[in-house]
Amino acid sequence: MTKRHLLMTGPMMRMVMEQLDAAYTVHRLWEAEDADAMIGEISDKIEAIAVGPHTPVDGPLMSRLPNLKIVSNFGVGYDTVDAKWAGAHGIYVTNTPDVLTEEVADTTLGLLLMTVRQLSESERYLRAGRWETEGPFPLTKASLRDRRIGIVGLGRIGKAIARRLDAFRVPVVYHGRSEQADVPYGYYANLVDMARDVDILLSVAPGGTATNHMINAEVLDALGPDGILINVGRGSVVDEKALVEALKSGTILSAGLDVFEDEPHVPADLIEMEHVVLLPHVGSASVHTRNQMGQLCVDNLKSYFETGKPLTPVVETPLRD
Ligand code: NDP
């Protein structure tokens, strides 16, 4: 039986590549000497795209593939795929929701505690022999006690984080585009108002034009000199320049970041700040969870070609009858 043709825009996990190689004729775009010429040669054949992080799939690319039916995105965030364009042209886009929710929430609580209690800095202090020579690590200014957290983006992951914070007995409020009926947390329609009322702003909002630089100088100013920003959503949501300025000037106290505007580049200004915690986008990065994400990425393609329906289409490309 002839295999369907699939375009892979960048390297993916081995277990994903092996399964896709077995099921489809896979064209590896990043290996082509001339990517443009390669697309020209295979454009009529391609029925699917498999896409990992940091490799955009935009309208101009999809418009060159007249038989494209589905774009399977590895990861729940799909801001690098123009899903609106795909939806308008009858192409499904799928992502990998739910299977990573609890892992990302676990990582977020780790990052939160590391930042609030300066745990990375205190470990470096011990490893440098300073405990023995200089005495105890200084008391941390911040604490989770008597603090309120404002979550930006109370979706699947945001709710899993909030559940953990309930157990920590830390009050939670949230901001999103609309108030949710069945959640026990206070809602703020205005992000600046929420930032003013909380001690810690925790963003787990998706990337894309609608959220770009949503956390800007005005929001950081409202968060205030004891305030801490945690970002595990997307780097583009935070105005990184404004954040560096706010940290330097003491407009806010600290930050814990798993995501950055121009990954894997992290501004030197941030790296120099000892009390700021910086993680290399590891929210979902365990073998267990990445395998589940990889499997869902493959299964979306298989399900579509076997039944005509993918398993987890994104909201811009809902299931069709
Ligand atoms: P969901 O779609 O379940 O939740 C997203 C939330 O963001 C919703 O509550 C939504 O609320 C809110 N939101 C969307 N647009 C806006 C906006 N313009 N302004 C304010 N709020 C907005 O997604 P998940 O919880 O599954 O994932 C969230 C994001 O986390 C992903 O998109 C991804 O970017 C990031 N992520 C990061 C990981 C990491 O490794 N660091 C790993 C996995 C995900 P409403 O509709 O009411 O506005």
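Parameters and conventions
Residues numbered from 1 in each chain as written. Predicted model: local features only at pLDDT ≥ 70, side-chain atom pairs only at ≥ 80, totals over all residues. Heavy atoms only, no water. Helix = DSSP H or I, 4+ residues; strand = E, 2+ residues; numbered from the N terminus. Rg over C-alpha atoms; globule rule 2.2 N^0.38 Å. Buried < 20%, exposed > 50% of the residue type's maximum accessible area, 1.4 Å probe, protein only. Contact = heavy atoms within 4.5 Å. Lys, Arg positive; Asp, Glu negative; His and termini not counted. Charge placed at Lys NZ, Arg CZ, Asp CG, Glu CD. Near = heavy atom within 4 Å. Polar contact = N/O pair within 3.5 Å; in protein donor to acceptor, adjacent residues only side chain to side chain. Areas by Shrake-Rupley, 256 points an atom, 1.4 Å probe, with all protein chains shown as cover. Nonpolar A, V, L, I, M, F, W, Y, C, P; charged D, E, K, R; others polar. Pairing = 2+ DSSP bridges. Phe/Tyr/Trp six-rings, centres within 6.5 Å; stacked < 30°, edge-to-face > 60°. Lys NZ or Arg CZ within 6 Å of the ring centre and 35° of its normal. Domains from an automatic or database assignment. Buried area = accessible area lost by both parts, 1.4 Å probe. Salt bridge = Lys/Arg side-chain N within 4 Å of Asp/Glu carboxyl O. Axes fitted to C-alpha atoms, helices over the stretch in contact; angles between N-to-C directions. UniProt positions renumbered as here; feature names shortened; annotations may be inferred. Parallel < 35°, antiparallel > 145°, perpendicular 65-115°, else oblique. Left-handed = near helix turned anticlockwise from the far one by under 90°. 1 Å grid on protein atoms, 1.4 Å probe; cavity = no way out; pocket = protein on both sides within 12 Å on 5 of 7 lines; lining within 4 Å. Points joined across faces, edges and corners; volume = space filled by probe spheres on them.

Quick notes on the overall build of the protein
- When you go through the protein residue by residue, the secondary structure sums to 13 helices and twelve strands.
- A globule of 321 residues ought to have a C-alpha radius of gyration of about 20 Å, and the protein, at 22 Å, matches this closely.
- Overall, the C-alpha framework of the protein stretches about 70 × 50 × 30 Å when taken along its three principal axes.
- Taken over 321 residues, the protein has a buried fraction of 50%.
- In the protein, 58% of the contacts between residues at least 6 apart in sequence involve partners at least 24 apart.
- When the 30 basic and 44 acidic side-chain charges of the protein are each reduced to a single mean position, those positions are 5 Å apart.

Side note on the site of the ligand
- Neighbouring the ligand are 25 residues, the closest being Arg156, Ile157, Arg177, Val232 and Asp258.
- Taking Ser178, its main chain carries an N or O atom lying 3.4 Å from an oxygen atom of the ligand.
- Within the backbone of Val232, an N or O atom sits 2.9 Å from a nitrogen atom of the ligand.
- Burial of the ligand by the protein chains amounts to 86% of its free accessible area of 930 Å².
- Residue composition of the shell around the ligand, by class: eleven nonpolar, ten polar and four charged.

Looking at the pairing of strand β3 (residues 46-51)
- With six of six residues buried, β3 lies mostly within the body of the structure.
- Sheet analysis places strand β1 (residues 5-8) next to β3, joined by four bridges and oriented parallel. Considered in β3, the bridge of Met8 is made with Ala50.
- Direction of pairing for β3 relative to strand β4 (residues 70-73): parallel, over a ladder of four bridges. Residue pairing for β4: Val51 is matched across the bridge by Asn73.

Points about the packing of aromatic side chains
- Tallied over the full model, the rule gives five aromatic pairs.
- Centroid distance Tyr174 to Tyr187: 5.2 Å. Interplanar angle 50 degrees. Geometry classified as tilted. Taken together, the positions of Tyr174 in strand β7 (residues 172-175) and Tyr187 in strand β8 (residues 186-188) put the pair 13 residues apart, joining distant regions of the chain.
- On the basis of relative accessible area, Tyr174 is assigned to the buried category, the value being 1%.
- Members of the aromatic cluster, joined through ring pairs, are Tyr24, Tyr92, Tyr304 and Phe305.
- Seen from the ring of Tyr92, Arg320 lies directly overhead, with NZ or CZ sitting 4.1 Å from the centre.

Structural notes on the domain arrangement of the protein
- Looking at the protein, the domain boundaries give domain 1 (5-99 + 288-307) and domain 2 (101-278).
- Of note, the centres of domain 1 and domain 2, computed from C-alpha atoms alone, are 32 Å apart.
- Interface area for domain 1 against domain 2, summed over the two sides, is near 650 Å², with a carbon-plus-sulfur share of 44%.
- When the shortest N-O distance is used, the salt bridge between Asp79 and Arg234 registers 3.1 Å.
- If you look at where domain 1 meets domain 2, you find three residue pairs in polar contact (both at pLDDT 80 or more).
- Class assignment of the residues belonging to the side of domain 1 that touches domain 2 gives a composition of three nonpolar, four polar and two charged.

Topic: the sheet that holds strand β9 (residues 200-203)
- Spatial strand order, β8-β7-β6-β9-β10-β11-β12: seven strands in an open sheet with parallel pairing. Edge strands, defined here as strands with exactly one partner in the open sheet, are β8 and β12 (277-278).
- In the sheet, strand β6 (residues 149-152) pairs with β7 via four bridges, with the strands oriented parallel. Each bridged residue has a counterpart across the sheet, and for Ile149 the counterpart in β7 is Val172.
- Against the sheet, helix α5 (residues 101-116) touches β6, β9, β10 (228-231), β11 (254-257) and β12, its axis set at about 155 degrees to β10.

Some details on the UniProt feature "domain: D-isomer specific 2-hydroxyacid dehydrogenase NAD-binding" (unreviewed entry) in the protein
- The feature "domain: D-isomer specific 2-hydroxyacid dehydrogenase NAD-binding" (unreviewed entry), as given by UniProt, occupies residues 109-283 in the numbering adopted here.
- Between the end C-alpha atoms of residues 109-283 there is a gap of 10 Å, over a span that is 36% helix and 14% strand.

So, the packing of helix α1 (residues 14-23) against helix α13 (residues 287-307)
- Where α1 contacts α13, the two axes come as close as 9 Å, and the packing angle between them is 20 degrees. The angle between α1 and α13 places the two elements in the roughly parallel class. Between α1 and α13 lies a crossing whose hand is right-handed. Every residue of α13 that contacts α1 at Met15, Val16, Gln19, Leu20 and Ala23 is listed here: Asn291, Gly294, Gln295, Val298, Leu301 and Lys302.
- Across the contact of α1 with α13, the residue classes tally to six nonpolar, four polar and one charged.

Quick word on the packing of α5 against helix α8 (residues 156-167)
- Closest axis-to-axis distance for the α5/α8 pair is 8 Å, and the angle between their directions is 55 degrees. Considering the angle they form, α5 stands oblique to α8. Classified by chirality, the crossing of α8 by α5 is right-handed. Packed against α5, whose contacting residues are Thr101, Glu102, Val104, Ala105, Asp106, Thr108, Leu109 and Leu112, the element α8 presents Arg156, Ile157, Ala160, Ile161, Arg163, Arg164 and Leu165 at the interface.
- Its residues assigned to classes, the contact of α5 with α8 comprises eight nonpolar, two polar and five charged.

A closer look at empty space enclosed by the protein
- Evaluation of the coordinates by the stated rule reveals one cavity of 30 Å³ or more.
- The calculated volume of the largest cavity comes to roughly 40 Å³.
- For the lining of the largest cavity, the class distribution of residues is five nonpolar, two polar and two charged.

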